[in-house]
Amino acid sequence: MTATIAFQGELGAYGHQACVESRPEHTPLPCDSFDDTLAAVRDGRADLGMIAIENSTYGRVADVHSLLPDSGLHIVDEVFVRVHVNLLGVPGARLEDVTEAHGHVVILPQCASFLRAHGIRGRVSSDNARAAREVAERGDVTQGALASELAADIYDLQVLGRHIEDHDRNTTRFVVMSRSADHSRRGTRPMITSFVFRVRNIPAALYKAMGGFATNGVNMTKLESYMVGGAFTATQFYAEIEGHPEDPNVVLALEELDYFTTHIQLMGVFPGAPRRFEGR
């Protein structure tokens, strides 16, 4: 039986593109939401889940960091997808015909300059691929969709504006989720360890907790905070470090972190993708 990978969105979404590029041997399974995507993996309908967590232009994908710790799943890989935004129209449409372009709230700011220059109004859709499908169904030359070239192929649309994103390095980072943790060392690049934690309610607790990584020579590549349970005083942190949990310096750093925290949860251990180390 062919393995399956779930993603948020309809066929032709950037999550679908991430699946095709990184797991071509898996059958993509479209899901309505990130919650549904994680549930598909958890209940066995999918073997893996492709979850977008941040974009180089837009920033963090809302709510994802809150969903992952409670998902019961593990991060086993990361995938970077170069997001090319395209203006798609129905066959026969011209760029000057389009007055409205439909796309996800995340993608609209990524091509704001192009839309403004051509007098096109952005319209929010729940999903870029859904926008492409609905534009195809309407058959209206004044309506466009902001989506991938994969979506253009699937819904028989033509590309009226190619690669219209404002920034030429526009990239979305995805993590691959699995029911089973994989702590094996893989590849030649550094391993990445991800975890969430909450600090004790004492003065300078975060500063002291972070000190263990500095003194043990562990490179922390990400630290983000978010509220939990709707309380302003309950802050949880999502962190990523270079290294494996069994590395001696990582062991020491995590021991020191444990002293200043009330909760630590290992989220995953995975090989850093090539895109992570560009420019070094």
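Relevant structure appears above.
Everything numeric in this text was worked out from a predicted model, so none of it was measured.

Engineer: I'm lost on the overall build of the protein chain in this one. Help?
Structural biologist: Looking only at helices and strands, one finds 8 helices and 15 strands in the protein chain. In summary, the protein chain has a C-alpha radius of gyration of 21 Å against a globular reference of 19 Å for 280 residues, a match within 12%. With the C-alpha coordinates of the protein chain rotated into their principal frame, the extents come out at 65 × 45 × 40 Å. Here the protein chain holds 280 residues, and 50% of them are scored as buried. Pairs at least 24 residues apart make up 74% of the contacts formed inside the protein chain by residues separated by at least 6 positions.

Engineer: In this structure, what is going on with the environment of Ala 13? I would like to understand it.
Structural biologist: Mapped onto the secondary structure, Ala 13 falls in the loop between β1 (4-8) and α1 (14-22). Sequence separation of Ala 13 and Ala 132 is 119 residues, and the distance between their C-alpha atoms is 9.4 Å. Once residues within four sequence positions are removed from consideration, Ala 13 is found in contact with Phe 7, Gln 8, Asp 127 and Ala 129.

Engineer: I would appreciate a short explanation of the packing of aromatic side chains in the present structure.
Structural biologist: We describe a pair of aromatic rings using the distance from one ring centre to the other and the angle between the two ring planes. The full count for this structure, using the stated rule, is 4 aromatic pairs. Judged by centre distance (6.0 Å) and plane angle (35°), the rings of Phe 195 and Phe 197 are tilted. With respect to burial, Phe 195 and Phe 197 carry one shared label: buried. Centre to centre, the rings of Phe 197 and Phe 237 are 5.2 Å apart; their planes meet at 15°, and the pair counts as stacked. Here Phe 197, found in strand β12 (residues 191-199), pairs with Phe 237, found in strand β14 (residues 231-242); they are 40 residues apart in sequence, far enough to count as distant. Each member of the pair, Phe 197 as well as Phe 237, is classed as buried. Every member of this aromatic cluster is reached through a ring pair, and the members are Phe 195, Phe 197, Phe 213 and Phe 237. One cation-aromatic arrangement involves Arg 200 over Tyr 259; the distance from NZ or CZ to the ring centre is 5.5 Å.

Cut-off values and rules
Position labels on residues start from 1 in each chain and follow its written sequence. Whole-chain, interface and lining totals are the exception, using all residues; otherwise, since this is a predicted model, local features are given only for residues with pLDDT of at least 70 and side-chain atom pairs are given and counted only at 80 or more. No hydrogens and no water enter the side-chain calculation; it runs on all heavy atoms of the structure. Secondary structure is summarised from DSSP: a helix means a run of H or I of at least four residues, a strand means a run of E of at least two, and numbering begins at the N terminus for each. Each radius of gyration reported is based on C-alpha atoms, and the globular scaling rule is 2.2 Å times the count of residues to the power 0.38. With a 1.4 Å probe rolled over the protein chains alone, any residue whose accessible area is under 20% of its type maximum counts as buried; one over 50% counts as exposed, and the rest are partly exposed. Any two residues whose heavy atoms approach within 4.5 Å at even a single point are treated as in contact. Two aromatic rings from Phe, Tyr or Trp, using only the six-membered ring of Trp, form a pair when their centres are within 6.5 Å; if the ring planes differ by under 30 degrees the pair is stacked, by over 60 it is edge-to-face, and anything between is tilted. A ring is considered to have a charge above it if a Lys NZ or an Arg CZ atom is located within 6 Å of its centre and within 35 degrees of its normal.

Any link to function would need more than the numbers given here.
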